[in-house]
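# Per-entry structural report
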Amino acid sequence: QPRLSQRPDIVPVTLMSSAVALEKPASNIMGPKEVELILVKEQNGVQFTSSALVAAAPAQSDPSGEEDRETWGKKIDFLLSVIGFAVDLANVWRFPYLCYKNGGGAFLVPYLFFMVIAGMPLFYMELALGQYNREGAAGVWKICPIFKGVGFTVILISLYVGFYYNVIISWALFYLFSSFTGELPWVHCNNTWNSPNCSAWADNSSVSDIYKATPAQEYFERGVLHIQDSNGIHDLGRPRWQLTSCLGVVIVLLYFSLWKGVKTSGKVVWITATMPYVVLTVLLLRGVTLPGAIDGIKAYLSVDFLKLCDAKVWIEAATQICFSLGVGFGVLIAFSSYNKFTNNCYRDAIITSSINSLTSFFSGFVVFSFLGYMSHKHNVALDKVARDGAGLVFVIYPEAIATLPGSSVWAVIFFIMLLTLGIDSAMGGMESVITGLIDEFKFLHKHREQFTLFIVVSTFLISLFCVTNGGMYVFTLLDHFAAGTSILFGVLIEAIGIAWFYVLGVDRFSDDIEEMIGQRPGRYWRLCWKFVSPCFLLFMVVVSFATFNPPVYGSYIFPPWANMVGWCLAMSSMSMVPLYAIYKLCALPGKFCNKQRLAYAITPETEHHLVDNGEVRQFTLHHWLVV
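Residues numbered from 1 in each chain as written. Predicted model: local features only at pLDDT ≥ 70, side-chain atom pairs only at ≥ 80, totals over all residues. Heavy atoms only, no water.

## Looking at the packing of helix α5 (residues 148–178) against helix α6 (residues 215–224)
Convention followed: Between the N-to-C directions of two axes lies an angle of 0 to 180 degrees, each axis being a line fitted to C-alpha atoms and, for a helix, fitted only over the stretch in contact. Elements are defined by DSSP. Helices are runs of H or I of four residues or more, strands are runs of E of two residues or more, and each kind is numbered from the N terminus. Throughout, the term roughly parallel applies to angles under 35 degrees, roughly antiparallel to angles over 145, roughly perpendicular to angles from 65 to 115, and oblique to all others. Crossing handedness is defined as follows: a turn of the near helix away from the far one that is anticlockwise and smaller than a right angle gives a left-handed crossing, while the clockwise case is right-handed. When checking whether two residues touch, look at their non-hydrogen atoms; a contact exists if any pair is within 4.5 Å.
Two numbers describe how α5 lies on α6: the axes approach to 12 Å, and their chain directions differ by 110°. By the angle between their axes, α5 is roughly perpendicular relative to α6. Once α5 is placed against α6, the crossing between them reads as right-handed. Taken together, the residues of α6 that come into contact with α5 (itself represented by W171, F174, Y175 and S178) are A216, Y219, F220 and V224.

## Here we look at the UniProt feature "binding site: Na(+)" (unreviewed entry) in the chain
To be explicit about the condition: UniProt positions are given in the numbering used here, feature names are shortened, and annotations may be inferred rather than shown by experiment. A simple rule labels every residue: compare its accessible area, found with a 1.4 Å probe on the protein chains alone, to the largest value its type can have, and call it buried under 20%, exposed over 50%, or partly exposed in between.
Following the UniProt record, one finds the feature "binding site: Na(+)" (unreviewed entry) at G84, A86, V87, N91, S324, N356, L421, D424 and S425. Spatially, the listed residues are clustered: although they cover 342 residues, their C-alpha atoms lie within 14.4 Å of one another. With respect to the secondary-structure elements, N91 resides in helix α2 (residues 89–93). If sequence neighbours within four positions are ignored, N91 has contacts with A86, P96, N356, S360 and S363. Mapped onto the elements of the fold, S425 is located in helix α16 (residues 407–440). On the basis of relative accessibility, which here comes to 6%, the residue S425 falls in the buried class.

## A few points about the pattern of salt bridges
Side chains carrying opposite charge are able to pair once their charged atoms draw close together. The following threshold applies: Salt bridge, as applied in this entry: a Lys or Arg side-chain nitrogen positioned within 4 Å of an Asp or Glu carboxyl oxygen.
Taken as a whole and judged by the stated rule, the model has 14 salt bridges. Close ionic contact of D77 with K267 constitutes a salt bridge, the shortest N to O distance being 3.3 Å. Here D77, found in helix α1 (residues 75–86), pairs with K267, found in helix α8 (residues 262–272); they are 190 residues apart in sequence, far enough to count as distant. Judged by its relative accessible area of 45%, K267 falls in the partly exposed class.

## Details of helix α21 (residues 523–546)
The criterion, for reference: Here the expected span of a helix is defined as 1.5 Å times the quantity of residues minus one. Here the bend at a residue means the angle between the axes of two seven-residue stretches, the one that ends at it and the one that starts at it.
Taking 1.5 Å per residue, 24 residues should reach 34 Å; α21 reaches 33 Å between its end C-alpha atoms and fits that length. Along its length, α21 reaches its greatest deviation from straightness, about 50°, at W529.

## A look at the side chain of T452
Here T452 shows up in helix α17 (residues 448–463). The exposure class assigned to T452 is buried, which follows from its relative accessible area of 0%. Those residues in contact with T452 that sit more than four places away from it in its chain are Y255, L258, W259 and I434.

## With respect to a nonpolar patch on the surface
For the record, the criterion: For patch detection, residues must exceed 30% relative accessible area and be free of salt bridges, and they are connected within 9 Å for like charges or within 5 Å for nonpolar side chains (Val, Leu, Ile, Met, Phe, Trp, Tyr). Calculation of accessible area relied on Shrake-Rupley with a 1.4 Å probe; when residues are assessed, cover is drawn exclusively from the protein chains displayed.
There is a patch of nonpolar side chains on the surface, built from I76, W270 and I271 and spanning about 280 Å² of accessible area. Its place among the elements puts I76 in helix α1.

## Concerning the nonpolar core
Taken as a class, soluble globular proteins show a tendency for nonpolar side chains to be buried jointly. Heads up, the rule is: By convention a nonpolar core is built from buried Ala, Val, Leu, Ile, Met, Phe, Trp, Tyr and Cys residues, the set being connected through side-chain atoms within 4.5 Å.
With 196 residues, the main nonpolar core has W171, F394 and L418 as its most contacted residues. It is α5 that contributes the most residues to this core, 19 residues altogether. Residues in contact with L418, not counting those within four places in the same chain, are L89, A172, V393 and F394.

## Some details on the environment of M540
With respect to the secondary-structure elements, M540 resides in helix α21. For M540, a relative accessible area of 2% puts it in the buried group. Discounting residues that sit within four places of it in the chain, M540 has contacts with I315, A318, T319, C322 and L488.

## What to know about the packing of helix α19 (residues 485–501) against α21
We apply this condition: Under the scheme applied here, ten amino acids are nonpolar (Ala, Val, Leu, Ile, Met, Phe, Trp, Tyr, Cys and Pro), four are charged (Asp, Glu, Lys and Arg), and all others, including Gly, are polar.
In contact at an axis separation of 9 Å, α19 and α21 are set at 155° when each is read in the N-to-C sense. As summarised for this structure, α19 and α21 are arranged roughly antiparallel, according to the angle between their axes. The hand of the α19/α21 crossing is left-handed. Residues T485, L488, F489, V491, L492, A495, A499 and W500 of α19 form the contact with α21, whose participating residues are W529, K530, F531, P534, L537, L538, M540, V541, S544 and F545. Along the lines of polarity and charge, the residues of the contact of α19 with α21 split into 15 nonpolar, two polar and one charged.

Written out as structure tokens, the structure is:
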């Protein structure tokens, strides 16, 4: 007992101790103790005091017991951030073309099927995982330490994607600056960058049209990229100052959107996440008034159920679901980790994933109204003008806009939309990297601004390879390998870790969700998490390897060494899973193959005392059968 005084007239009082238990029963760790002395009474020179031994008040009021963590200013900030990340350029340049090519409206059958059995469940899983554990993609794996490698996998993938995704935004910014002119620079063939093969659509109908190029196509490839000055990926040249400047502006925008965390990014998305819907609506209202637009929309919606007999259609629908929702990049985990503990993540998952799919479908009307107009104007089949990828938004669409009255105004509006579509998705990717590493390495918490600067500057320096004369070859290589098979593999391991190895697997995960929102996930969600989604992802990984095709750009075929570099890039992220598992097993006490060591590796860090008592539920048959 503490000695209150050396004076004999001071009466020592017996210490009354009371401990305040933490709310969360799963945690066995008590906080530091404090002795509280309260002066009750002083009479005739004698002081009467009472003492209480109390636990230090937890900094975090939610049941997770975590330290104080920043939260979103408003619920809408979180929703807009998730929507802004998931709704990106691929919603405009990928889904409409896939729908048209694979049976029109019939394509929605496999798309919605995979959305229900895999897309939404995985989306919901990541939001709940981040919100409950309140950490980034690596830190959440304190629930099953041997799987922490998958956290580093998704962080690396997000970093790799940032190396080339920011370049797309810089292209949009370059086009935006070029649109502030009386005559758009891609309307004729009289520019210094044009080649003898440049030909307007009216003259581009002969048999030899494969050797010709439209002014818009030559502007993108020769005027913007200057790919004619490179002989291949071995001949990159120096970064072009115009694109480098645009890339620098993008990096500055990203930094000042992210440097203060969700305090700043949550405000930026009010513009970047809503602007695309305003512009898409305006473009649709303009597009449907153009001649041939209705024919384009009819082609987009035409139903050909015979296409569903083609396995390739189902594979493309499954692939589109995997990539369009943004699962596996660690972004959903990072964003949801800043939610309040009791936030209804179930409702958020349904709302945001549905909005993403509806946006993809809606954008198809905008795209095909203009494609139908181009087909009608140049009197060619719709197949001649329909394409996906960068060619749609940087060649076909600009060319269509250039034929409209007030073309410069429409071009400015369109490229502002592309800029906002790209910025919030890039913000999400960077936030995944920053949050994931800051939460894993706690000393970085006090230096978020400097660390954010380090990440964005590093990204900028690597991206310089993509703005050289041969930068398009580097871009294509990164796009092909950085987030293809590796992202599917990462989500597969993530689903297995949650559904099969996390203590009681789906049962324990469902308890966590019930603790947050007061409602236990239904049997449908639990079946998807444990069986359907992992089987779907395993199938997609196998298909991804089986159908792999080396990257090409136009007629250019990449040399074998470039493909090797690409595979090394992909394997560098996937290898994090086995490498960290081996490291974790080596770091724990006991023999390498010891059962107790494995038990420590798959048991939540706060429950290692259960291993000491021999209560390892993952080693029981009930664990593997429960749903």
